[in-house]
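Read off the chains here:
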Amino acid sequence: MRVLFVALATTLALLYFTLGLRLGYVTLTETYLLHAKGTNTYAFRTLEDNQFVGVTGSCRVRSGRATVRLYGPQGNQLAGQVCQSGGKSGENNEWSLNVLGGGETGKYRVVVDFDRYTGSINLKETRAGSQ
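Calculation rules
- Residues numbered from 1 in each chain as written.
- Predicted model: local features only at pLDDT ≥ 70, side-chain atom pairs only at ≥ 80, totals over all residues.
- Heavy atoms only, no water.
- Helix = DSSP H or I, 4+ residues; strand = E, 2+ residues; numbered from the N terminus.
- Buried < 20%, exposed > 50% of the residue type's maximum accessible area, 1.4 Å probe, protein only.
- Contact = heavy atoms within 4.5 Å.
- Polar contact = N/O pair within 3.5 Å; in protein donor to acceptor, adjacent residues only side chain to side chain.

Caption draft 1: Representation of the environment of Gly106. With respect to the element layout, Gly106 can be found in strand E6 (residues 106–128). On the basis of relative accessible area, Gly106 is assigned to the buried category, the value being 10%. Sequence separation of Gly106 and Gln74 is 32 residues, and the distance between their C-alpha atoms is 8.7 Å. Leaving out residues up to four positions away in the same chain, Gly106 has contacts with Phe44, Arg45, Thr46 and Pro73.

Caption draft 2: How the structure looks around the environment of Thr46. Inspection of the secondary structure puts Thr46 in strand E2 (residues 31–46). Taking C-alpha positions, Thr46 is 9.1 Å from Arg127, a pair spaced 81 residues apart along the chain. Once residues lying within four places of it in the same chain are set aside, the contact partners of Thr46 are Gln51, Val53, Glu104, Thr105, Gly106, Tyr108 and Arg127. Within the structure, Thr46 has its side chain in polar contact with the backbone oxygen of Glu104 (distance 3.2 Å).

Take it as geometry only, folks, not as evidence of what the structure does.
Structure follows, in structure tokens:
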């Protein structure tokens, strides 16, 4: 039993220092992250011109940074926002997110880059007609 406990603790420590810990699935539920690093990518498709797509939501930052970017069908960045701590340690920083773009038919990508991010992030897919 001790060997199993040591193996589990070692695995969690390895995950923490390499990828960070993520509890939840971004865009489905509020996700709690601990020292998260890496990138998540989500694809959205529009079938008609003048449709807009993206994500809205919020993030609560304890430390680190999360960058949310929206790329259009041509690969150009249409919108972006950064969630980062304000500087005071232990301070809970809350950010409202609204990353929306569109206009032409095609595949849009939302990319979330985590840089030692600790906190929570809550994203929801948003679609709108012509604006």
